Amino acid sequence: MNFLERNIKADVTRFFQPLIDEAYFEDKTIIEYDLGIGNVGNIPEFDEIIKEIVEESFPKLLIRCHKYPGTQGYLPLNELLADIYQKKSGFSIKPEDIILTIGGSDAITELIQIYCSHDEGIVYALPSFPYWGMTAKANAKEYYIVITSQKEFNESFPSKLEETLTINPNIRLLLINFPNNPVGYNGAEQTCKEINEICAKHKVKILFDDIYGGLAEWRIKLFDPKNLFIIDSFSKRFAMPGLRLGFIIAPTNEMKNIRPFIANQYVGPSLISILVGYEIVKRLAEKDKLDFVFKKIKLRKETLNNELKKLKIKTEETFGMYVIIDFTDTDLNARDVYNKLLKEKIRTVPYDLFYPPFYKGTKRNFIRLSVGMEPNVKQGSQKLVKIINELL
Ligand SMILES: Cc1ncc(COP(=O)(O)O)c(C=O)c1O
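Below, the structure is looked at part by part.

Here is what the cut-offs are and how they apply
Residues numbered from 1 in each chain as written. Predicted model: local features only at pLDDT ≥ 70, side-chain atom pairs only at ≥ 80, totals over all residues. Heavy atoms only, no water. Helix = DSSP H or I, 4+ residues; strand = E, 2+ residues; numbered from the N terminus. Rg over C-alpha atoms; globule rule 2.2 N^0.38 Å. Buried < 20%, exposed > 50% of the residue type's maximum accessible area, 1.4 Å probe, protein only. Contact = heavy atoms within 4.5 Å. Areas by Shrake-Rupley, 256 points an atom, 1.4 Å probe, with all protein chains shown as cover. Lys, Arg positive; Asp, Glu negative; His and termini not counted. Charge placed at Lys NZ, Arg CZ, Asp CG, Glu CD. 1 Å grid on protein atoms, 1.4 Å probe; cavity = no way out; pocket = protein on both sides within 12 Å on 5 of 7 lines; lining within 4 Å. Points joined across faces, edges and corners; volume = space filled by probe spheres on them. Nonpolar A, V, L, I, M, F, W, Y, C, P; charged D, E, K, R; others polar. Domains from an automatic or database assignment. Pairing = 2+ DSSP bridges. Axes fitted to C-alpha atoms, helices over the stretch in contact; angles between N-to-C directions. Near = heavy atom within 4 Å. Polar contact = N/O pair within 3.5 Å; in protein donor to acceptor, adjacent residues only side chain to side chain. Parallel < 35°, antiparallel > 145°, perpendicular 65-115°, else oblique. Left-handed = near helix turned anticlockwise from the far one by under 90°. Salt bridge = Lys/Arg side-chain N within 4 Å of Asp/Glu carboxyl O.

Looking only at helices and strands, one finds 13 helices and 12 strands in the chain. Relative to its length of 392 residues, the chain is compact, with a C-alpha radius of gyration of 21 Å against a globular reference of 21 Å. Overall, the C-alpha framework of the chain stretches about 60 × 55 × 40 Å when taken along its three principal axes. Burial statistics for the chain: of 392 residues in total, 57% are counted as buried. By sequence separation, contacts in the chain at least 24 residues apart represent 74% of the contacts at least 6 residues apart. When the accessible area of the chain is evaluated, it comes to approximately 17,400 Å², of which 54% is carbon and sulfur surface. Averaging the positions of the 53 positive and the 52 negative side-chain charges in the chain gives two centres separated by 0 Å.

Turning to the layout of surface pockets, a few remarks are in order. Here the second largest pocket is characterised by a volume of approximately 440 Å³. Every element with two or more residues in the lining of the second largest pocket is listed here: helix H4 (75-89) and helix H11 (292-308). At seven residues, H4 tops the list of elements feeding residues into the lining of the second largest pocket. Split into classes, the residues belonging to the lining of the second largest pocket amount to 10 nonpolar, two polar and eight charged. Mapped onto the domain boundaries, the lining of the second largest pocket takes at least three residues apiece from domain 1 (3-46 + 291-391) and domain 2 (63-286).

Judged by pairing direction, the sheet is antiparallel, and its three strands sit side by side in the order S9-S12-S11 without closing on themselves. In this open sheet, the two strands that pair with only one neighbour each are strand S9 (322-326) and strand S11 (349-350). The strands that helix H12 (residues 334-343) touches are S11 and strand S12 (366-370); relative to S12, the one it contacts most, it runs at about 45 degrees.

Turning next to the site of the ligand. What surrounds the ligand is a group of 14 residues, the closest being Gly 104, Ser 105, Asp 209, Tyr 212 and Ser 233. Asn 181 has a polar side-chain atom sitting 2.8 Å from an oxygen atom of the ligand. Residue Tyr 212 places a side-chain N or O atom 2.6 Å away from an oxygen atom belonging to the ligand. Within the complex, the protein chains bury 93% of what would otherwise be the 390 Å² of accessible surface of the ligand. In terms of residues, the shell around the ligand owes the most to one element, helix H5 (residues 103-115), which gives three residues. A breakdown of the residues in the shell around the ligand according to their chemical character gives four nonpolar, seven polar and three charged.

Relative to each other, H11 and helix H13 (residues 377-391) sit at 25 degrees, their axes nearing to 9 Å. When the axes of H11 and H13 are compared, the pair comes out roughly parallel. At the point where H11 passes H13, the crossing takes the right-handed sense. Between H11 and H13, the contacting residues are Arg 300, Thr 303, Leu 304, Glu 307 and Leu 308 on the first element and Val 377, Lys 378, Ser 381, Gln 382, Leu 384 and Val 385 on the second. Residue composition of the contact of H11 with H13, grouped by class: five nonpolar, three polar and three charged.

Scanning all chains against the criterion turns up 28 salt bridges. With a shortest N-O distance of 3.2 Å, Glu 56 and Arg 283 are connected by a salt bridge. In this pair, Glu 56 is assigned in helix H3 (residues 44-63) and Arg 283 in helix H10 (residues 271-286), connecting sequence segments 227 residues apart. Assessed through its relative accessible area of 7%, Arg 283 is described here as buried.

Moving on, we get to unusual backbone geometry. Residues Leu 126 and Pro 127 are joined by a peptide bond in cis, for which omega reads -5 degrees. By secondary structure assignment, the location of Pro 127 is in the loop between strand S3 (121-126) and helix H6 (131-138). The step from Asn 181 to Pro 182 runs through a cis peptide bond, and the omega angle for that step is 10 degrees. Looking at where Pro 182 falls in the secondary structure, it is placed in the loop between strand S5 (171-177) and helix H8 (189-201). The backbone of Ala 239 shows a phi angle near 50 degrees, a positive value even though the residue is not glycine. Its place among the elements puts Ala 239 in the loop between strand S7 (228-233) and strand S8 (246-249). Even without glycine at this site, Lys 345 takes up a positive phi of about 70 degrees. As for its placement among the helices and strands, Lys 345 is situated in the loop between H12 and strand S10 (346-347).

Let us now look at the packing of H3 against H10. It is at 10 Å that the axes of H3 and H10 come closest, and there the two elements cross at 130 degrees. Between H3 and H10, the interaxial angle falls into the category oblique. Viewed along their axes, H3 and H10 form a crossing whose handedness is right-handed. Seen from H3, the contacting residues are Phe 46, Ile 49, Ile 50, Glu 52, Ile 53, Glu 56, Ser 57, Phe 58, Leu 61 and Leu 62; seen from H10, they are Ile 272, Leu 275, Val 276, Glu 279, Ile 280, Arg 283 and Leu 284. Here the residues of the contact of H3 with H10 sort into 12 nonpolar, one polar and four charged.

Below, the structure is given as structure tokens:
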């Protein structure tokens, strides 16, 4: 498959279809409850902070845009992020170990481009966030390990990883995401240790997609920091996906590979995003509220889990802001359930968007629910449970 074909086949615009299809997000006459899309927001306290930034700092921020942002990040923001991550992880993290990117997606694309030449590749578990678009952009090969539950992840991911890496010595990177989107697993301690060892043995670097880290017990500390690239973003933990601001925390001795590549390629994220991002983190840190978005998400998730207990089919215990409802053991097709819910003004996301368009294997028959954006999770999930129970 040539580069163009790969890119066309990996077109991920479908992924956002539920967002742009039927409704404008805010129109409650079309979508009453949004229990699908991975946006994060509708948190009034957070909106207050944004208001503060707009009123107090925005004119100053705009003036600074006479400059190029540069590729080395923005030192005051890098310092804040290094400090936060160093305290959390116990690893030694310096501001120079951080690269600012255009969201987490761009961070992943950059790392694949840096570490995989065209006949080398990356492995990750499916179903997943559409990483295939990033691999295609980076023109690398990709390999999948199909994992559809927390139990399956812990029982079989390490052995499947060992097998995949042995058969394909051209794999350079493993991409893991805890708590996982969409399945919601968070690897057990022992599983993480095994993954760490297997990657060291095969000289495979670990990209840890930490975008939801903080919504479940944090596993980063179980990995070897010298072989670990942490990917994070303002999209979820700081509720600002529209900023398009993310970052990579890389081992110090890998910076010699990363910085020249990025410097030669582009001038980094928008300076306005960087400056707004800095204001957000600074203000949240001052108010001791760095984790308050995720605290809110956790409360919403508890509410959702409680309501889902009333479903006639069982849902698995999951971590993070997503839950999947699996219709495999029923006569229902998850796409039909998704359409029915949409007709009833509830947005969810159907399973097929979590598999690459060219993927030929079996797909699990589920819808994904999200609590990122919906302030009325209780009413929304009550309505959802009633509709699904009637269908069953
Ligand atoms: C698992 C995962 N990784 C990465 C991303 C991309 O985040 P960003 O908006 O920072 O590009 C998302 C967004 O939903 C995600 O769910």
